Amino acid sequence: MLKIGVLVSGGGTNLQAIMDKIKSDNINAEIVSVVSNRSKAYALERARNNGIEAVFISKKEAGSQEAYERALVKHFKDRNVDLIVLAGFMVILGSTFVKAFENKIINIHPALIPSFCGKDFYGLRVHEAALEKGVKVTGATVHFVNEGADEGPIILQKAVEVRDDDTPESLQKRVMEEAEWVIYPEAIKLIADNKLIIENNKVRRIG
Ligand code: GRF
């Protein structure tokens, strides 16, 4: 059984979708701990409501980025976590964390990478940029995390149509409902079933 650790900062709708799908689709995985850098993140409440350990680990108390990453690594290593799922985690992770879980961290980005991604693109800004450009299709991407921002190997993508009357908010909502909540659990299932290998910085599906 794949042991998952989740990092969150906000509302946790992706976390909710993952918890629900693990149950309804019998995914061979278990979320063992949900950690947030914000004590009041609603995502922590969602975890507790599902009987999952929910922990606030303060970046401020850790004192430095490096010390914070070491604290997160220790937390998840102590729980023998096999996969780290970033679900709206608003802290950029550096080499200490990424090296400790090499090829074992995944993230979801609310656009079709390589469009509208990189360090300045998060939250509503991603959807504003898509509307400014006038793209007709956007979507979401699940990818492995390496030390570059949104640069790791792509696991799954799903397209969502942009409507003429979309606002950043309406587009954000549809991208979540139609793409993020669908492909994030799917990617976790592929990993839990050992269906993915990374070759030349690309993901290949096997079996
Ligand atoms: C999502 O839009 C996700 O793509 C991005 O952060 C947001 C998290 O939302 N990485 P939620 O906390 O899962 O509701």
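Above this text you will find the structure in question.
This is a predicted model, so every value here is computed, not measured.

(A) View of the side chain of N14. Counting through the fold element by element, N14 comes out in helix α1 (residues 13–24). Judged by relative accessible area, N14 falls into the buried class, the value being 8%. Of note is the side chain of N14, whose polar atom sits 3.0 Å from the side chain of E180.

(B) Local environment of the side chain of S9. Along the chain, the position of S9 falls in the loop between β1 (2–8) and α1. The class for S9 is buried, based on a relative accessible area of 3%. Within polar-contact distance, the side chain of S9 engages the side chain of N37 at 2.7 Å. Once you skip the residues sitting within four places of it in the chain, S9 turns out to touch S36, N37, R38, A41, A87, G88, F89 and M90.

(C) View of the nonpolar core. Ranked by size, the top nonpolar core spans 46 residues in total, and within it I4, I31 and I106 carry the most contacts. Among the elements that take part in this core, helix α7 (residues 168–192) stands out by supplying ten residues, more than any other. When sequence neighbours within four positions are dropped, the list of residues in contact with I31 reads I4, V6, L15, I18, M19, I22 and I52. If you look at the next biggest cluster of nonpolar residues, it comprises 19 residues, including V35, I57, F89 and V145.

(D) Summary view of the sheet that holds strand β2 (residues 29–36). Read from one edge to the other, the open sheet built from seven strands follows the order β3-β2-β1-β4-β5-β6-β7, with strand pairing classed as mixed. Two strands in the sheet have a free side with no partner beyond their single neighbour: β3 (54–56) and β7 (154–161). Ignoring which end each strand starts from, the neighbouring axes of this sheet average 20° apart. Pairing of β1 with strand β4 (residues 83–86), which is carried by four bridges, proceeds in the parallel orientation. If you follow G5 over to β4, its bridge partner there is I84. Contacting β1, β2, β3 and β4, helix α4 (residues 65–78) runs over the sheet at an angle of about 150° to β2.

Calculation rules
- Residues numbered from 1 in each chain as written.
- Predicted model: local features only at pLDDT ≥ 70, side-chain atom pairs only at ≥ 80, totals over all residues.
- Heavy atoms only, no water.
- Helix = DSSP H or I, 4+ residues; strand = E, 2+ residues; numbered from the N terminus.
- Buried < 20%, exposed > 50% of the residue type's maximum accessible area, 1.4 Å probe, protein only.
- Polar contact = N/O pair within 3.5 Å; in protein donor to acceptor, adjacent residues only side chain to side chain.
- Contact = heavy atoms within 4.5 Å.
- Core = buried A, V, L, I, M, F, W, Y, C linked by side-chain atoms within 4.5 Å.
- Pairing = 2+ DSSP bridges.
- Axes fitted to C-alpha atoms, helices over the stretch in contact; angles between N-to-C directions.

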